[in-house]
Amino acid sequence: MGNFKFTQIDIEGLVIVEPKLFGDERGYFMETYHEEEFKNNGISTSFVQDNQSMSKKGVLRGMHYQTRNPQGKLVRVLEGEVYDVAVDLRKGSPTFLKWHGIHLSCTNRKQFFIPEGFAHGFLVLSDVAVFSYKCTHFYDPGHESGLLWNDPKLGIQWPLDGLVQPSLSDKDANWKPLS
Ligand SMILES: Cc1cn([C@H]2C[C@H](O)[C@@H](COP(=O)(O)OP(=O)(O)O[C@H]3O[C@H](C)C(=O)[C@H](O)[C@H]3O)O2)c(=O)[nH]c1=O
């Protein structure tokens, strides 16, 4: 046992997962998910849908959540690097509207578990990023919602690194600001 390191952070429920790498002259092997180890470390949920997206440098996808069938997500990067952000939207949470960001990359191999009740998004820092994640509920297009990436009420510190404006879908450019 023990092929993963789990780190809880100061927003309850968010977990950083670091798989153990087994390298040899052929290359490497690592487990990327293990139901029992994850359950024993605060990720006691089942996943029903896997997604993958590819994005170019400067793309920002988010901040998304579902108002019905809220999706918990276990996210990781297969190629490149992103800055991944989760925002606590759980009613009554002591960290309501607080956010946490983390660099996920194919080199640090970190995974980020984001429970149901959070908005999620990421900014692509490398030329290309392939993003892969598991969801705890199915996609529910009729109940998609979102927050503006730069909503002053959130104050997310994106590593824009000179980028004036990330590249957004029309949907992501037009979420309603928090009142
Ligand atoms: C999410 C999703 C999308 N789609 C279709 C709907 C659109 O025709 C197309 C692109 O969808 P969208 O622009 O919403 O994709 P993203 O901007 O990557 O959305 C995701 O971005 C952030 C980072 C998230 O955390 C969510 O998983 C999700 O909202 O794929 C599906 O058919 N199934 C799905 O589960």
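On a predicted model such as this, the values are computed, not experimentally measured, just so you know.

*Asks:* Help me understand the overall build of the chain in this model?
*Replies:* Each helix and strand counted, the chain has two helices and 13 strands in total. Seen along its three principal axes, the alpha-carbon backbone of the chain occupies a region of about 50 × 35 × 30 Å. Relative to all contacts within the chain whose residues are 6 or more apart in sequence, the contacts with residues 24 or more apart total 78%. Counting every atom, the chain has about 9500 Å² of accessible surface; 50% of that belongs to carbon and sulfur. Between the centroid of the 19 positive side chains of the chain and the centroid of its 22 negative side chains there is a distance of 3 Å.

*Asks:* Whenever I open this one, the pairing of strand S6 (residues 60–66) confuses me. Can you help?
*Replies:* Within a regular beta strand, the side chains point alternately toward one face of the sheet and then the other, so they alternate between its two faces. With five of its seven residues buried, S6 lies for the most part within the structure. Direction of pairing for S6 relative to strand S11 (residues 118–124): antiparallel, over a ladder of three bridges. Bridging from a neighbouring strand, Arg61 pairs with Phe122 of S11. Pairing of S6 with strand S13 (residues 144–146) involves three bridges; the strand directions are antiparallel. Bridging across to S13, His64 finds its partner in Gly146.

*Asks:* How should unusual backbone geometry be read in this particular structure?
*Replies:* Keep in mind that most residues, glycine aside, have a negative phi and that most peptide bonds are trans. Cis geometry is found at the peptide bond from Gly62 to Met63, where omega equals -5°. Note that Met63 resides in strand S6. Its identity as a non-glycine residue notwithstanding, Arg109 has a phi of 55°, on the positive side. Structurally, the position occupied by Arg109 is in the loop between strand S9 (99–105) and strand S10 (111–114). One non-glycine residue with positive phi stands out, namely Asp161, at about 50°. Position of Asp161 relative to the elements: it lies in the loop between S13 and helix H2 (170–173). Classification of Asp161 as exposed rests on a relative accessible area of 77%.

How each quantity is defined
Residues numbered from 1 in each chain as written. Predicted model: local features only at pLDDT ≥ 70, side-chain atom pairs only at ≥ 80, totals over all residues. Heavy atoms only, no water. Helix = DSSP H or I, 4+ residues; strand = E, 2+ residues; numbered from the N terminus. Contact = heavy atoms within 4.5 Å. Areas by Shrake-Rupley, 256 points an atom, 1.4 Å probe, with all protein chains shown as cover. Lys, Arg positive; Asp, Glu negative; His and termini not counted. Charge placed at Lys NZ, Arg CZ, Asp CG, Glu CD. Buried < 20%, exposed > 50% of the residue type's maximum accessible area, 1.4 Å probe, protein only. Pairing = 2+ DSSP bridges.

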